[in-house]
Amino acid sequence: MKIIKKNPLLFILGLMIILGICFFLAINIGSIKVSFIQLMKGLFIEYNKDVASIYQIRFPRVIVTMLVGCALALSGLLFQVVLKNPLADPGLIGISAGANIVSLLVGIFLPDLYVFKPMITCLGGLVTFIIIYSLSWKSGLNTTRIILVGVAIHYTMNAIVSLIESMSASISSSVGTITLYSWNDVFLLMIYIVPILIILLFLTQACDLLGLEDRTLLSLGINVNTYRFILSLLAVLLCSISVAIAGILSFVGLLVPHLARLCVGNQHKYLIPTTALCGAIILLVADTIGRTLMAPYEISAGIIMSMIGGPIFILLLKRSLYES
Amino acid sequence: MKVNHLSFSYNHQSYMKDINIQFKDQKTTTIIGPNGSGKSTLLMLLSRIYKIQQGSIELDNKNIWDYKIKEFARKVAVVHQKNQVYGDLNVRTIIGYGRLPYLNYHQSLSKEDKQIIDWAIEVTNLKEHQNKMLNSLSGGQQQRVWIALALAQKTPILLLDEPTTYLDIKAQIETLNLLRKINKEYQITIIMVHHDINQAIHYSDEIIAMKNGQLMFQGKPHEVINQKTLKEVYDYDLNVIKNNEELFVLNYQ
């Protein structure tokens, strides 16, 4: 861990390479197999039936998984920063569920609005966040209250989701399955997520500063609420967009930021890229395991995440306790 | 700083009733009083953490709320009682935050900023610790970091909320000596809330006593501190001993 902390940039480069390797492995795992050279040839030089179906089916799925993993992990990180609470996770405090309700309703009543679905879903996420925030604000931000209110909202929202689902007889969306995606989904995610990622790279200092007490920041002439508003907005957007495309995936937003923090520390110029890359890698690995373990049946990435991620997380926490 | 007819209430409970105070420039003023007397509320009002409801606070003949937030941060620095930051930031980075009132977002430190940070580190005697992580320092050293941060703001006024509360006796004395140095050598006006009456007497030019949201008295320590005034403020008979122009309040019986 100490070596990583001394060379965070090298570590981030390493993560990029790992993500690249995972990408090619994930592309190549499944019922159709092609060699790397065949793949390259098929993609860029001549038509190959196998490569074409991989390109149409597996590529979108893998890319969507990576983007969603990245978005959820960052969303979790931002919520932890903004709410000053290590337990803050978009799934746990009900933002995902709130977004999910709207996403479901759009799917049922306005299926034509596909392109705008993420935007409308964001409204659901935002309204939920505003409810949580206003209920837990009592002459200042009370971090325990936020979690309590959030968990209550989470259950309420989930109940509404179940209600909608049982009334509409649609397939359950709350288990977090990443299944069939098209290139359209990839582009849709890209349009929303890439600009947010770029904006975030300029907000690393704001994230660092929010580690200070609000009062200290005020005395330093910093408008804390502006920072908090912008970062919360981005967190809600990231989470809602993922929900709109991939449904609810719990645990990514909680686990990945902590993992990243254990590796590179709290400086957000390193922490934000690390979290984004780890999120992509981890969800991709979970999804790939999920679809190969009991092929042709699929285990949802969410379940794999929780099953493997939970114990690993506890191990890491214990280790970091020993180190300090 | 001047306080005019200041009143403050919260949840239908009054914490401050029509207070008028003139703080003396370049002096050390200490606010004392029992718990719930409103002394911390007053400090929060002075530092713009709480909004003023009635009355006004003036700084250089201008209402403090008429300053822009950054402008005010160049006039008044505050060391709060509770401070936190990500534990793995180094001391120099944290002290560098004191330059934020002078910078735009993401603007990097100029040569002059760095000199001022060096100066703040020098004054607070943190040179050998400047590259260490904050959580590896002792309580007294950490408090010096927060004072250095406030110094780096280069303000004419420094407010402190119970600066020695969590410290052991050595760190308490070191902190108070540091504050005296800041006041005498750099002519920075110090206004602080403090619990210990003896330390308040010893280290202050002026003492302000509050009780139930009202100003009880204000003046030079040995002019205003005696058994009778303390009884009024603390509701308890405290023995006051005078020894060679020095005042001692016995806080045991």
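Since this is a predicted model, take the numbers as computed values, not measurements.

(A) Examining helix α9 (residues 227–234) of chain B more closely. All names here are of chain B. Listing the buried residues of α9 in full gives Thr229, Leu230 and Val233. All buried residues of α9 fall inside an arc of 95° around its axis, so they share one side. N-capping of α9 is provided by Asn226, with a side-chain oxygen placed 3.0 Å from the backbone N of Lys228. Downstream of α9 by a residue or two, Asp235 has a phi angle that is positive, lying close to 65°.

(B) Local environment of the domain arrangement of chain B. All names here are of chain B. The domain architecture assigned to chain B consists of domain 1 (2–75 + 155–250) and domain 2 (84–154). Each of domain 1 and domain 2 has a C-alpha centre, and the two are 25 Å apart. Taken residue by residue, the interface counts 19 residues in domain 1 and 17 residues in domain 2. Regarding the contact of domain 1 and domain 2, the summed buried area is about 1400 Å², with carbon and sulfur atoms giving 65% of it. Of all residues in domain 1, Arg74, Thr155 and Leu178 give up the largest surface area on contact with domain 2, accounting jointly for 32% of the area buried on that side. Inspection of the domain 1/domain 2 interface yields 1 salt bridge. Close ionic contact of Arg144 with Glu174 constitutes a salt bridge, the shortest N to O distance being 3.7 Å. Counting across the domain 1 and domain 2 interface gives 6 residue pairs in polar contact (both at pLDDT 80 or more). Mapped by element, the contributors of at least two residues to the side of domain 1 that touches domain 2 are α2 (69–73), β7 (157–161) and α6 (169–186).

(C) Structural view of the packing of aromatic side chains. Counted according to the given criterion, the structure contains 12 aromatic pairs over all chains. With a centroid separation of 6.0 Å and an interplanar angle of 35°, the aromatic rings of Trp183 of chain A and Phe187 of chain A are classed as tilted. Residue Trp183 of chain A and its partner Phe187 of chain A are both found in helix α8 (residues 183–201); the two are separated by 4 residues, about one turn of the helix. Residue Trp183 of chain A is classed as buried on the basis of its relative accessible area, which comes to 18%. Between Phe8 of chain B and Tyr50 of chain B, the aromatic rings sit 5.4 Å apart at their centres with planes inclined by 5°, giving stacked as the arrangement. In this pair, Phe8 of chain B sits in strand β1 (residues 2–10) while Tyr50 of chain B sits in the loop between α1 (39–46) and β4 (54–59), placing the two residues 42 residues apart along the sequence. Taken together, the ring pairs in this structure connect Phe23, Phe24, Tyr55, Phe59, Trp183 and Phe187 of chain A into an aromatic cluster. In this structure, Arg48 of chain B is placed above the aromatic ring of Trp65 of chain B, and the distance from its NZ or CZ to the ring centre is 4.5 Å.

How each quantity is defined
The residue numbering used here restarts from 1 in each chain and proceeds along that chain's sequence as written. Whichever chain is written first becomes A and whichever ligand is written first becomes 1, with later ones labelled in order. For this predicted model, a pLDDT threshold of at least 70 governs which residues receive local features, and a threshold of 80 or more governs which side-chain atom pairs are given and counted, while totals over whole chains, interfaces and linings are taken from all residues. Side-chain measures here rest on the full set of heavy atoms in the structure, leaving out hydrogens and waters. Buried residues are those whose accessible area, probed at 1.4 Å on protein chains only, stays under 20% of the maximum for their type, while exposed residues exceed 50% and partly exposed ones sit between those limits. Runs of H or I in DSSP of at least four residues are treated as helices and runs of E of at least two as strands, each being numbered from the N terminus. Within this analysis, the arc is defined by the directions that extend from the helix axis to the C-beta atoms. A 3.5 Å cut-off defines polar contacts: any pair of N or O atoms within that distance qualifies, except that in protein one atom must be a possible hydrogen donor and the other a possible acceptor, and neighbouring residues in sequence count only when both atoms are side-chain atoms. For the purposes of this description, domain bounds are those given by an automatic or database domain assignment. Residues count as neighbours in contact if any of their non-hydrogen atoms are within 4.5 Å of one another. Note on definitions: buried area is the accessible-area loss of two parts on being combined, 1.4 Å probe, summed for both. Any carboxyl oxygen of Asp or Glu within 4 Å of a side-chain nitrogen of Lys or Arg constitutes a salt bridge here. Side-chain rings of Phe, Tyr and Trp, where Trp is taken by its six-membered ring, are said to pair if the distance between their centres is within 6.5 Å; with planes under 30 degrees apart they count as stacked, over 60 as edge-to-face, and otherwise as tilted. Charge over a ring is defined by NZ of Lys or CZ of Arg lying within 6 Å of the ring centre and within 35 degrees of the ring normal.

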